[in-house]
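Here is how the chains run, residue by residue.
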Amino acid sequence: MRISRQSAIYWALLAASFAVALTASWTSFGAQIDNDAYDWMFRLYQPPTWTTQSILLAIDEPSLNAYGGVPGLRKPLADALRLISAASPRTVAVDLILADNTDPAIDARLEDALHATRNLVLACQLLPDGSAWEDPLPRFRAQAAALGHVHAEPDELDSVGRSLPLEKAANRDRRWALSLEAYRLSRGGPGVQIVESPADLDVGGRLIPSTRAGGRLMRIRYRPLSMPIPRVSLQALLNDPRRAREFSGKVVFAGVTSQTATKDWLFTPYSTRTPMVGVEIHANAFETIAQGLFLTDAPSSAVLAFSALLVVALGLTYSRFTGRRAIGLAAGILAIAHVTPYWLFTDRVVFSFCTPVSSAWLALITAGGYQLLVVRRSLRKSEADRDRYRQTIHFVTHEMRTPLTAIQGSSELMGRYALPEEKRKQIAELINTESKRLGRMIEMFLSVERLSAGQVELKKESFCAGELMAGCVTRALPLAERKQIRILTEAAPADILLTGDRELMEYAFYNLLTNAIKYSPPRTQVTLAAVRKHDHAYISVEDQGIGMDQKEVKKIFQKFYRTKRAEQSGEAGTGIGLSIVEQIVMQHSGTIEVMSRPGEGSRFTMVLPAPVSAPLAREAKES
Ligand code: ADP
């Protein structure tokens, strides 16, 4: 299959636009668009509701006020844990770092309460420099079935907490996340193992997709704000111990929920204005695992393939269809680009939004723009063709009608009246000259058509430029004399040898010379010159005539074009001569240069190949 140059350019442009879209979507700007789209889809899509397995023991503002702030928490916490243990929860995760000693009596009370708590997970966190863990006091730690880290992973671009690292390590000391440990213990106690593979973690048969290479990050499927995880405030529980029933069979997350008392909070896809506190984030991570509502990232190869497919589809649309059809199809493809990430999101697959959408939009602009340009260009060409056709009709009707009318009128006169011999002869002569003029016109018209269609066989002969010019001057002298114009041949060395069709060349030069005379006022001068430079002959005709501006110069080689000044000069013309001259020069592998200024004059120069000079050529012949 041969691909045309035009379609190769078209597809290359589309490929380039695709590359631009890919590069853009790999920047942080693209990543942020993906983040925003992710949050937006999160808010837009209402997942089917589920019964929560977790509950918060909320250390809220009133509780803190009632028990003397964070330092006074250990005693009420110990009392609350005792109440909760009695209600047989599945697991209790305490999101407080119990790392320092306080009142010995209170610490002992808390130790006892922790001891009485089944499946207890205590919180630990990395020291700020990440070198080691800040663990609970050994006396508390000894009561826990597990330790879990309490780090979330705010996005580095916008600090929104979308994911949670299921593992964290300080040097070689690795800890699982608090939520993961809570889940493990809730599945059957400390005996349940976490089995690792490069792609996921297996906890008692539940596979949690989180690759080792990706730092075991897990996207949190937050519960919608309208359906939060149930909570009982610490103060409410202590005031009304019967509320402990609510903890029965649940996985309890105990932690500070007052945003004024803790810095442990993050914005989430749901709450970009009011942040969510750490303990609630951990409970949400637990729910994600417990319900198996994992959001997995689509592989980049799938995103790439899908985006490439969109670009190809748009490319084909604009190369195969035009108008409304193309617009309709393109709109459909764009819609697919926008909707697919959402549709996949509802299936819990996270697909890039920026890559397909920016690829599709850029491809649309490129393909649409390119086709628009091509269509415009072909429209302009057909308009130009129509213009030329109109000019031809104008030429035939206007220019040919004048001699035709003269012929008709004269012949009628001769037929109708018995004219004296003298008069008859005069009229016959008129008919003769007018019909010859008509013939010349037709001949000229046809020759320019034939020349431009390449139907004329060029003769190949050598002739001297100087001789050709002198011949033309002789023929043009009567015209020049009528206007008292002096023709001066400034330089015409005899050694400039041209090769080609002498007759056509003579026609071209004669045309330039007679134009110079025609378009010059009386008593001026026309200067001719021929020089040879770098294997080319420069044959010029310079006048002191009406001249042209740059715009006009650009048009004079078009068929039938005449400048306003030329028309006003009263000189007869058809506007065909120069187009023939140009064709002749082009057929001889030459070019034609024009310098002109309105009111000052013009210089036409034919530049023709002249690789050998006359004497050399003669010598070559003789030897
Ligand atoms: P014609 O002379 O029959 O009009 P040409 O094709 O020979 O047609 O020339 C086209 C137009 O170019 C002329 O009508 C005139 O406007 C312009 N032109 C050509 N030669 C000259 C010149 N030497 N000086 C000024 N205008 C010129």
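All figures in this text were calculated on a predicted structure; none of them were measured in a lab.

Rules of the game
- Throughout this description, residue numbers start from 1 for each chain and increase along the sequence as written.
- With the structure being a predicted model, the display of local features is reserved for residues of pLDDT at least 70 and the display and counting of side-chain atom pairs for 80 or more, all residues being used for whole-chain, interface and lining totals.
- Side-chain metrics in this entry use all non-hydrogen atoms of the structure; hydrogen atoms and water are not considered.
- Here the limits of each domain have been adopted from an automatic or database domain assignment.
- Should DSSP find at least two bridges between two strands, the strands are taken to pair.
- Every helix listed is a DSSP run of H or I at least four residues long, and every strand listed is a run of E at least two residues long, numbered separately from the N terminus.
- In this description, a line fitted to the C-alpha atoms serves as the axis of each element, helices being fitted only across the stretch in contact, and the angle between N-to-C directions of two axes falls anywhere from 0 to 180 degrees.
- Small angles under 35 degrees read as roughly parallel and large ones over 145 as roughly antiparallel, with 65 to 115 read as roughly perpendicular and the rest as oblique.
- Should the near helix be turned anticlockwise from the far one by less than a right angle, the crossing is termed left-handed; should it be turned clockwise, right-handed.
- By definition in these notes, contact holds between two residues if any of their heavy atoms fall within 4.5 Å.
- Gly falls in the polar group here, along with every residue not listed as nonpolar (Ala, Val, Leu, Ile, Met, Phe, Trp, Tyr, Cys, Pro) or charged (Asp, Glu, Lys, Arg).
- For a helix, the expected span equals 1.5 Å multiplied by the residue count minus one.
- Here the term buried applies to any residue with accessible area under 20% of the maximum for its type, exposed to any over 50%, and partly exposed to those in between, with areas from a 1.4 Å probe on protein chains only.
- Note: the arc covers the axis-to-C-beta directions of the helix.
- Any residue with a heavy atom lying within 4 Å of a molecule or strand is counted as near it.
- Throughout this description, a polar contact denotes any pair of N or O atoms lying within 3.5 Å of each other; where both atoms belong to protein, one of them has to be capable of donating a hydrogen while the other can accept it, and for residues adjacent in sequence the pair is counted only when both atoms sit in side chains.
- Reported accessibility uses the Shrake-Rupley method at a 1.4 Å probe radius. Residues are deemed covered only where the shown protein chains occlude them.
- Between 30 and 60 degrees the pair is tilted, below 30 it is stacked and above 60 it is edge-to-face, where a pair is any two Phe, Tyr or Trp rings, Trp via its six-membered ring, whose centres lie within 6.5 Å.
- Lysine NZ or arginine CZ positioned within 6 Å of the ring centre and within 35 degrees of the ring normal marks a charge as sitting over the ring.

**Q** When you look at the domain arrangement of the protein in this model, what are you seeing that I'm missing?
**A** Bring the parts together and some accessible area is lost; that lost area is often taken as the interface size. Examined at the domain level, the protein breaks down into domain 1 (5-37 + 298-379), domain 2 (48-292), domain 3 (400-453) and domain 4 (461-620). For domain 3 versus domain 4, the separation of C-alpha centres amounts to 29 Å.

**Q** How should I be thinking about the sheet that holds strand S25 (residues 591-597) in this particular structure?
**A** The strands that make up a sheet pair up through hydrogen bonds in the backbone, lying either parallel or antiparallel. Spatially, S21-S23-S24-S26-S25 is the arrangement adopted by the five strands of the open sheet, whose pairing is mixed. The two strands at the open ends of the sheet, each matched to only one other strand, are strand S21 (486-491) and S25. Taken over all neighbouring pairs, the strand axes of this sheet differ in orientation by 15° on average, direction set aside. Bridge count between S25 and strand S26 (residues 601-609): seven bridges; the pairing is antiparallel. Bridge assignment links Ser596 to a residue of S26, and that residue is Ser602.

**Q** Would you mind going over the packing of helix H15 (residues 465-482) against helix H16 (residues 502-518) with me for this structure?
**A** Working note: a packed helix pair is described by the angle between its axes plus the distance between those axes. Between H15 and H16, the shortest axis-to-axis distance is 9 Å and the interhelical angle comes to 40°. The orientation of H15 relative to H16 falls into the category oblique. Crossing of H15 over H16 shows right-handed handedness. Across from Glu467, Leu468, Met469, Cys472, Val473, Arg475, Ala476, Leu479 and Ala480 in H15, the residues of H16 making contact are Arg502, Met505, Glu506, Phe509, Tyr510, Leu513, Thr514 and Ile517. Class assignment for the residues of the contact of H15 with H16 results in 12 nonpolar, one polar and four charged.

**Q** Is there a simple way to explain helix H13 (residues 401-416) in this structure?
**A** Note: α-helices contain 3.6 residues per turn, so residues at a spacing of three or four share the same orientation. For H13, which comprises 16 residues, the first-to-last C-alpha distance of 22 Å matches the rise-based estimate of 22 Å (1.5 Å per residue) to within 8%. Within the sequence span of H13, burial applies to Pro403, Ile407 and Ser410. On an axial view of H13, the arc spanned by its buried residues comes to 75°, and they lie on one face. Pointing more than 90 degrees away from the buried face of H13 are the exposed residues Arg401, Gly415 and Arg416.

**Q** Whenever I open this one, the site of the ligand confuses me. Can you help?
**A** Around the ligand, the surrounding shell holds 21 residues, and the nearest of these are Tyr519, Arg562, Thr563, Thr574 and Leu578. One of the side-chain N or O atoms of Asn515 is found 2.8 Å from an oxygen atom in the ligand. Compared with its free state, where it exposes 530 Å², the ligand has 98% of that area covered by protein. Going through the elements one at a time, H16, helix H19 (577-587) and S26 are the ones with two or more residues in the shell around the ligand. The element that contributes the greatest number of residues to the shell around the ligand is H16, accounting for four residues. A breakdown of the residues in the shell around the ligand according to their chemical character gives 10 nonpolar, eight polar and three charged.

**Q** I would appreciate a short explanation of the packing of aromatic side chains in the present structure.
**A** Note on aromatic pairs: each is described by the distance of the centres and the angle between the planes. According to the stated counting rule, one finds 12 aromatic pairs in the structure shown. Ring centres of Tyr38 and Phe42 lie 5.5 Å apart, and the angle between their planes is 65°; on these two criteria the pair is classed as edge-to-face. With Tyr38 and Phe42 both in helix H2 (residues 28-44), this residue pair falls four residues apart, about one helical turn. Here the two residues Tyr38 and Phe42 agree in accessibility, since each one is buried. Look at Tyr45 and Phe345: their rings are 6.3 Å apart centre to centre, the planes differ by 90°, and that puts the pair in the edge-to-face class. Here Tyr45, found in the loop between H2 and strand S1 (54-59), pairs with Phe345, found in helix H11 (residues 323-346); they are 300 residues apart in sequence, far enough to count as distant. The class of Tyr45 is buried, set by a relative accessible area of 18%. Within the aromatic cluster, the residues linked to one another by ring pairs are Tyr38, Phe42, Tyr45, Tyr222, Tyr270 and Phe345. Over the ring of Tyr38 we find Arg219, and its NZ or CZ is 4.5 Å from the ring centre. Positioned above the aromatic ring of Tyr538, the side-chain terminus of Lys533 is 5.2 Å from the ring centre.

**Q** Is there a simple way to think about the side chain of Asp135 in this case?
**A** The residue Asp135 is located in the loop between strand S4 (133-134) and helix H6 (138-141) in this model. A distance of 3.3 Å separates polar atoms of two side chains, one belonging to Asp135 and the other to Arg141. A distance of 2.6 Å separates polar atoms of two side chains, one belonging to Asp135 and the other to Arg175. In contact with Asp135, other than residues within four places in its own chain, are Ala99, Cys124, Arg141, Leu147 and Arg175.

**Q** Is there a simple way to think about the pairing of strand S12 (residues 206-209) in this case?
**A** Within a regular beta strand, the side chains point alternately toward one face of the sheet and then the other, so they alternate between its two faces. Strand direction decides the pairing type here: strand S11 (residues 200-203) and S12, joined by four bridges, are antiparallel. Looking at the pairing, Leu201 lines up with Ile208 of S12. Counted between consecutive antiparallel strands, the loop separating S11 from S12 contains two residues, among which Gly204 sits at a positive phi close to 55°.

**Q** What should I look at first to understand the environment of Ala113 in this one?
**A** Looking at the element boundaries, Ala113 is found in helix H5 (residues 104-115). Residue classification places Ala113 among the buried positions, given a relative accessible area of 0%. Along the sequence, Ala113 and Ser85 sit 28 residues apart, while their C-alpha atoms lie 8.5 Å from each other. Residue contacts for Ala113: discarding those within four places in its chain leaves Ala78, Leu81 and Arg82.

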